[in-house]
Protein chains: 2
Amino acid sequence: MYAEKIPDIIIGRLPIYLRALQRMADNGAQTTSSQELGERVGISAAQIRKDISQFGEFGKQGTGYNIQFLMDKVRAILKVDRIWDVALVGAGDIGHALARYNGFSNRGFQITMVFDNDPSKIGKMAGKFRVEDTGDMVERIRTAGIKVAMLTVPAASAQEVADKLVKAGVKAILNYAPISINVPPDIKVQHTDPLTHLQRMTYYL
Amino acid sequence: MYAEKIPDIIIGRLPIYLRALQRMADNGAQTTSSQELGERVGISAAQIRKDISQFGEFGKQGTGYNIQFLMDKVRAILKVDRIWDVALVGAGDIGHALARYNGFSNRGFQITMVFDNDPSKIGKMAGKFRVEDTGDMVERIRTAGIKVAMLTVPAASAQEVADKLVKAGVKAILNYAPISINVPPDIKVQHTDPLTHLQRMTYYL
């Protein structure tokens with residue numbers, strides 16, 4: 001159906017396209033164009049056409065793309081046509097905010113476990129989850145077969161927790177701790193840190 | 001001192017280098033090498049040397065980089081050798097978490113105002129800030145001369161709030177709303193959405 005290996009840079013853009021397509025669908029639209037999609041996401045229509053052509057033939061010149069069909073394809077490529085269980089480690093402010101966020105499941109993910117090492121947090125609720133002891137984390141994650149984790153611990157603990165997640169079989173980590181973590185090459189990591197985002201913009205001001 | 005225009009891709013990496021250098025400095029280190037820095041941030045030593053050479057001569061072959069000197073240079077380039085006032089719009093869970101986060105000021109930023117349009121939130125505290133009415137936002141931000149904002153409102157309000165921020169004179173927006181926002185070309189935007197980050201990794205699992 002589509003080329004075996006899609007370049008990382010295109011994979012990086014597909015979630016943005018998917019989010020915009022979902023929004024169009026929610027608003028009742030059935031078709032879109034590379035022009036319209038491009039304006040929504042701030043990417044040129046030519047780039048969008050090129051990206052989409054990488055994984056097959058969609059739409060015909062002049063008739064545009066069927067939104068639902070394109071969404072289904074992008075979801076299948078990104079493997080979010082299923083629901084991934086997610087372990088959340090760190091029940092601080094950001095951890096609580098993520099535990100309470102209800103936007104995960106319609107985009108392919110659900111938090112199923114929340115961990116912390118702070119005795120004052122263990123056993124308390126974070127959203128609808130009872131916070132579990134990180135001491136049990138490796139065993140719990142391994143037994144449940146969880147492959148995706150979000151790390152919302154302080155910088156000083158991040159590497160140690162990441163090592164445990166890898167040991168538990170986690171293959172993808174979204175890291176909110178303000179520090180780079182080192183993992184084996186087969187583990188995917190995405191970092192999100194408000195300060196690095198802010199610092200990327202001030203150069204231009 | 002350094003080339004007039006540094007490529008975007010290098011500017012994107014500098015905050016990561018700065019964060020790692022800061023951590024080394026906090027741990028008492030005085031010098032580092034491209035090898036060590038590269039291992040910390042998961043980027044090749046050759047790439048680090050190339051990036052750093054873009055903006056001048058630092059360190060000598062074999063003696064490594066003076067960490068404080070390099071930090072000072074990177075901070076000056078990124079213009080975070082000062083403190084930028086930041087307006088936070090949206091006093092929900094993520095807004096509260098950011099308002100309470102104490103990692104801003106030592107990296108060049110400080111939240112000075114928090115806004116929401118929800119009468120049940122206006123006047124309440126978010127961290128140490130009293131939540132103000134978005135109705136006063138444009139005037140308040142313009143008068144204070146604030147150039148940087150963080151957007152933590154629902155997707156449905158994000159574009160409208162972004163338009164107001166631009167009107168108020170804001171030039172850089174960190175957008176937490178799960179939607180792309182359209183702004184004039186002279187305004188910088190960074191998006192952060194846990195779901196797009198997660199969706200960028202599952203393809204590889």
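Anyway, here's the lowdown on the structure attached to this text. Note that this is a predicted model, so its numbers are computed, not measured. Counting restarts for each chain, with residues numbered from 1 along the sequence as it is written. Chain letters start at A and ligand numbers start at 1, both assigned in the order the entries are written. With pLDDT at 70 or above as the cut-off, local features in this predicted model cover only qualifying residues; side-chain atom pairs require 80 or more to be listed or tallied, and sums for whole chains, interfaces and linings still use all residues. With hydrogens and water excluded, all non-hydrogen atoms of the structure serve as input to the side-chain values.

### Some words on the sheet that holds strand β7 (residues 132-133) of chain B
Residue and element names in this part refer to chain B.
- Only strands that DSSP links by at least two bridges are regarded as paired with each other. Only DSSP runs of H or I reaching four residues or more are called helices, and only runs of E reaching two or more are called strands; each is numbered from the N terminus. The six strands are arranged β7-β4-β3-β8-β9-β10 in an open sheet whose pairing can be described as parallel. The strands lining the two open edges of the sheet, one partner per strand, are β7 and β10 (188-191).
- Relative to strand β4 (residues 109-116), strand β3 (residues 84-89) is paired through six bridges, and the arrangement is parallel. Paired with Ala87 across the strands is Met113, a residue of β4.
- Any pair of residues with heavy atoms lying within 4.5 Å of one another is described as a contacting pair. Where helices are involved, their axes are fitted lines through C-alpha atoms of the stretch in contact, as for all axes, and angles between N-to-C directions lie from 0 to 180°. Those strands touched by helix α6 (residues 137-144) are β3, β4 and β7, and its axis lies near 160° from that of β4.

### Re the packing of helix α5 (residues 93-100) of chain A against helix α5 (residues 93-100) of chain B
- At a closest axis distance of 9 Å, the pairing of α5(A) and α5(B) adopts a crossing angle of 175°. Classified by the angle between their axes, α5(A) and α5(B) sit roughly antiparallel to one another. Contact residues: A:Asp93, A:Ile94, A:Ala97 and A:Arg100 in α5(A); B:Asp93, B:Ile94, B:Ala97 and B:Arg100 in α5(B).
- The class makeup of the residues in the contact of α5(A) with α5(B) is four nonpolar, no polar and four charged. The cut-offs work like this: below 35 degrees is roughly parallel, past 145 is roughly antiparallel, 65 to 115 is roughly perpendicular, and the gaps in between are oblique. In this classification, the charged set is Asp, Glu, Lys and Arg, the nonpolar set is Ala, Val, Leu, Ile, Met, Phe, Trp, Tyr, Cys and Pro, and all remaining amino acids, among them Gly, are polar.

### A few points about the relation of the copies chain A and chain B
- C-alpha atoms of residues with pLDDT of at least 70 in both copies form the basis for the least-squares superposition of the copies. Turning chain A through 180° and shifting it by 0.0 Å along the axis lays it on chain B, with an RMSD of 0.0 Å. Classification of the inter-copy transformation places it as that of a two-fold axis.
- An overlap of 100% is found between the interface residues of chain A and their copies at the interface of chain B, pointing to a shared contact surface.

### Here's the deal with the interface of chain A and chain B
- Across the contact, 62 residues belong to chain A and 62 residues belong to chain B.
- Here's the idea: put two parts together, see how much 1.4 Å probe accessible area each one loses, and the total over both is what we call buried area. Around 5,900 Å² of area is buried between chain A and chain B when both sides are counted, 62% of it from carbon and sulfur atoms.
- It is A:Gln199, A:Tyr203 and A:Leu205 in chain A that bury the most area against chain B; as a group they hold 13% of the surface buried on that side.
- Note on definitions: salt bridges are taken to be side-chain nitrogens of Lys or Arg within 4 Å of carboxyl oxygens of Asp or Glu. Across the chain A-chain B interface, the total number found is six salt bridges.
- Its salt-bridge partner being B:Arg100, residue A:Asp93 comes within 2.8 Å of it at the nearest N-O pair.
- Throughout this description, a polar contact denotes any pair of N or O atoms lying within 3.5 Å of each other; where both atoms belong to protein, one of them has to be capable of donating a hydrogen while the other can accept it, and for residues adjacent in sequence the pair is counted only when both atoms sit in side chains. Linking chain A with chain B are 27 residue pairs in polar contact (both at pLDDT 80 or more), by the criterion used here.
- At nine residues, helix α8 (residues 194-202) of chain A tops the list of elements feeding residues into the side of chain A that touches chain B.

### Here we look at the sheet that holds strand β3 (residues 84-89) of chain A
Residues and elements named next belong to chain A.
- Taken in spatial order, the six strands of this open sheet run β7-β4-β3-β8-β9-β10, and their pairing is parallel. Here the strands that pair on one side only, and so sit at the sheet edges, are β7 (132-133) and β10 (188-191).
- In this structure, strand β8 (residues 148-151) lies alongside strand β9 (residues 172-175), joined through four bridges in parallel fashion. For Leu151, the partnering residue across the bridge sits in β9 and is Asn175.
- Here helix α7 (residues 155-167) sits on the sheet and contacts β3, β8 and β9; the angle it forms with β8, its principal contact strand, is near 170°.

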